[in-house]
Each structure stands twice: as structure tokens, then as C-alpha cells.
Amino acid sequence: MLPSAMHSSETRQDAARLTFPAGFGWGAATSAYQIEGAAKEDGRGPSVWDVFSHEPGRVRNGDTGDVAADHYHRLGEDLDLMRDLGLTSYRFSIAWPRVLPTGRGAVNAKGLDFYQRLVDGLLKRGIAPVATLFHWDTPQALQDLGGWENRDCANWFADYAHTMFTALGDRVPTWLTLNEPKTVVDVGYTAGTHAPGKQDRQLANVVGHHLLLGHGLAVQALRGTAAKGRIGAALSLSPTYPADDTEAARRQAEIADGEENRRWLDPLFKGRYPQDWLAAQAPDAPVRTAIRDGDLAIISAQNDVLGVNYYGTTHVTGTGARVMLHPTSQATWQEISPDGLHDLLTRIKRDHGDIPLTITENGLPTTNPLKDTDRITFLRDHLTAAHRAIQDGVKLESYHLWSLLDNFEWAEGYTQRWGIVNVDFATQQRKRKASADWYRGVIAANGL
Ligand code: FCB
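Presented here is a report on the structure given in the accompanying data block.

Definitions and cut-offs
Residues numbered from 1 in each chain as written. Predicted model: local features only at pLDDT ≥ 70, side-chain atom pairs only at ≥ 80, totals over all residues. Heavy atoms only, no water. Core = buried A, V, L, I, M, F, W, Y, C linked by side-chain atoms within 4.5 Å. Buried < 20%, exposed > 50% of the residue type's maximum accessible area, 1.4 Å probe, protein only. Helix = DSSP H or I, 4+ residues; strand = E, 2+ residues; numbered from the N terminus. Contact = heavy atoms within 4.5 Å. Pairing = 2+ DSSP bridges. Expected span 1.5 Å × (residues − 1). Bend = angle between axes of the 7 residues up to and from the residue. Polar contact = N/O pair within 3.5 Å; in protein donor to acceptor, adjacent residues only side chain to side chain. Salt bridge = Lys/Arg side-chain N within 4 Å of Asp/Glu carboxyl O.

1. Details of the nonpolar core
Counting 118 residues, the largest nonpolar core has Trp49, Ile94, Trp96, Tyr115, Trp175 and Tyr439 as the members making the most contacts within it. The element best represented in this core is helix H8 (residues 152-168), accounting for nine residues. When neighbours within four sequence positions are excluded, tryptophan 49 is seen to be in contact with Tyr33, Val59, Trp136, His194, Ala195, Phe408, Trp410 and Ala411. Counting residues in hydrophobic clusters, the runner-up holds five residues, among them Tyr311, Ala331, Trp402 and Trp418.

Structure follows, in C-alpha cells:
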């Protein structure tokens, strides 16, 4: 080796104090409704979020995803942006009603073509596509039939999934069925502040089961095609802790863990709902009849991979009240704790074995348009925690920060900026924030 080459490789290693495993996937995540716009173009049908965001009072400032970050029209530019950052993985979602405008039936060729171009464009730039099938945008035509409240929705979803596996299965290495079913249940159906805006806990739990069933049927559908990729779900998980050193708080933390984590993890990986969670449901709770014989076998059949969305921890008092013991962000539900990520990843290994993991979301909103040093600190701390988990034997394969671009943050509209790339929504101009340049360096060094 030439001395100069040796020197440069040494500096590289020195520069990266924490080196990630060779081939570690460095990514960013987005979702269709939050960035695509083109809500009525090329035959796209409405989703529950189109309808919901147009209802007065639902979204801050009356914002909608009609235009969002206009990604549908700026695909080439955004792909180049990803390439320039050095991304090796990109997690996006497919808008079900763009491909199937009424959720079922004939495929909308122009809608499907967009995702063909996206996947081909990623591969051409050496970026691995991670495709999410459902990031909350249920076709409104199916919602009119009850949406996920209707057990049939699980089959409609599997049929749509089958369409996508057939179209893109030769090129997509990783599929994710659902994004955060918990948020649909808790925010869309209990708090009612997300689409479809219902406030019915009993119905919410039924929806939760049907979502899991849809996941299982989609996994089955993949196995029935020539698709080569792996498949799993993306869950929002939050380690729960007692807020004080009392027996009551410890008990409440265990109950909260059932709701936050085990209620989703156990059906997928153990083929059963947690005993304590089930026991807490009333004898006549509709979810009990929604869970039919054989469902859990379908739900748990061979998950190849698990997507982890991690935003922070949950602390509860002896009365079960949530308290914040760590800093928050503009997203006031967020309790920032990098150590929680290490706890979570090692706990998944402990409870469910060596399932390959990918962090599918992790991030925070910041207010400085370009100098987002607070985001750099957040990302550095969380990557350090993730690295520690890898050293402890966790099979973490990749990391996707949330998010590539500033985007439509659901009920918060455009008031929260989660991107490493600033979007001027008046001109749609993209500008890299400080965190984007920092992340680029991390990727180049395969570490920090
Ligand atoms: C997650 C969502 C994602 C984004 C982030 C901030 O719950 O999956 O779409 O809104 O929160």
C-alpha cells in the first residue's frame, strides 16, 4: 500500500470513533401523504387524510397534503438529493389510493408508474428501497365501507399488497406492511385527532386487530408471489419506566408496556396477545370477538424483519399518569432519551431473539431553518446508543432518520419541521440543513 493511501485510510478510521458494521444501511424515511402532493393528479383517489385535512379545524392552520413537498413532481431532484447525501437506504411509503383509486379493482397505471420510477431511480443511484405499504392513507372509498373497522379491509389490504409485490417484487429488498398501527388506534380512533377522527376506544381495539390481520395476510400474499424481498411491520415502540421508586409506579409501567409495546410485539412474534392486556379488556369488549381462531397464526407467520420507530421513552406514576422526566421538543409527546433506544433494542433481542432490526424512524422537529445543531446532537446521541446496542449483539442492520424533507406533519400541518433538508413551501426550494451535511459525513465515514 502506498504510504499516502495508508495515511488516508488511517485518518478515516480515526475520524470515525464509532465504526458501524460493513454494509450498515444509512437511510432516511418519508411517507407518501406527507411529501408527495399531487393529490388529485393522474387518477389518484382520495384517502382518509385528504378528507380529514379538508375538514375545518382538523389540522393546524387548515393545512392539507394537497401539495406537500411536491415530491411527485420533483422525483428526479429528490433522488439526486439522496444520492448527494450518500444514502444507501431509503424508506418511503406507497399511497394505496394512488395505485388503486378506490382501494380495490383496476390498477391506476400512472400511479403505479410513479413507484416504478422511484424504485428504479433509487437502484440506479445505489440506494436500497424500503417500501412501506400502509402509512395511514386508507382509501376513502374503503373507509366508506368501514375501513379497518371492517374485517374485510385486511383482505383488501392483502390484495393491494399482492399487486405491489407483483409489480415491484423483483426489485424491492425490504417490504414493510404497516406503519405504526398503534398511532392509528390511539390517535385516529381514540383521541380522534388523526384521520379518520373517531373517538371510540372499543372500536379502536378492533381496528388494531384488523390491522395486524392485514399485516399477516400481506405477509402470506408475498410468499405467494415471486417477490424476493423480506417483509415485516414498522412499530412505534417506547420503553416504559416507573416515574418513581414505588410498587404502584412499577405496576403501572408494566401496564403501559403492554399498551405501548407488547400488545404489538407479542402477536407478531409470539402468536398471542399479552395475557395482562387481554385480561384488561372487558368481557364484552368487541375486540374479543374480533380475534378469531387462526388469526394469530396468520399474524405471526414468519416476520423476516422488524422496523422500529423510536422517538422516546414513557414514564408513568403510580396512578398511571404519564410524566416527562427527560427533555421534550416542539412535539410535546416526545420524551427524548437516547438510552431508551439502547434499552429498547436490547430488550427486543432478549424477548424475541435475533430478528433483523431496522430503525425505520428516529428524529425530532427543530425550528432553526438551516442551523439545526439541536438535530445533530439528537442524531449523534441516538446513533451512539444504536452502536452500543450493536456491540451488545443486537442485529441492527440499518438506520433511517425521520425525515429526509420538511413535510406535512399530520394534525400539526407545516408547523413542525422534521427534515434534514429544508423545504420552502412557497417555492418548493430544497436546502440542506447543517444536519444533512453532518449526516453525509457520518455516512462517508460509516460512523461517527
Ligand atoms: C411518526 C410517523 C411519521 C411522522 C413522525 C414524526 O409517528 O410515523 O409519519 O409523522 O411520527
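Having seen the model, we can carry on.
2. Description of the pairing of strand E3 (residues 128-134)
Burial runs high along E3: six of the seven residues are buried. Here strand E2 (residues 89-93) runs beside E3; their pairing, made up of five bridges, is parallel. Note that in E3 the partner of arginine 91 across the bridge is valine 130. Of the strand pairs in this sheet, E3 and strand E4 (residues 174-179) are connected by four bridges, and their pairing is parallel. For alanine 131, the partnering residue across the bridge sits in E4 and is tryptophan 175.

3. Re helix H11 (residues 247-270)
With 24 residues, H11 should cover 34 Å at 1.5 Å per step; its first-to-last C-alpha distance of 28 Å lies more than 12% under that length. The sharpest bend along H11 comes to roughly 55 degrees, located at arginine 262. Glycine 271 occupies a position one or two residues after H11 and carries a positive phi of about 70 degrees.

4. Some remarks on the side chain of histidine 315
Take histidine 315: it is sitting in strand E8 (residues 314-316). Only 2.9 Å separates the side chain of histidine 315 from the side chain of glutamate 335, close enough to count as a polar contact.

5. As for the pattern of salt bridges
Following the criterion strictly, the structure yields 37 salt bridges and no others. With its nearest N and O atoms 3.1 Å apart, the salt bridge here joins arginine 388 to aspartate 339. Placement of the pair is arginine 388 in helix H16 (residues 373-391) and aspartate 339 in helix H15 (residues 338-352), with a sequence separation of 49 residues. Take arginine 388: its relative accessible area is 35%, and that puts it in the partly exposed class. One salt-bridge network, held together by shared partners, links Glu254, Asp257, Arg262, Asp276, Arg347, Arg350 and Asp351.

Everything listed here is a matter of geometry and, on its own, says nothing about what the molecule does.
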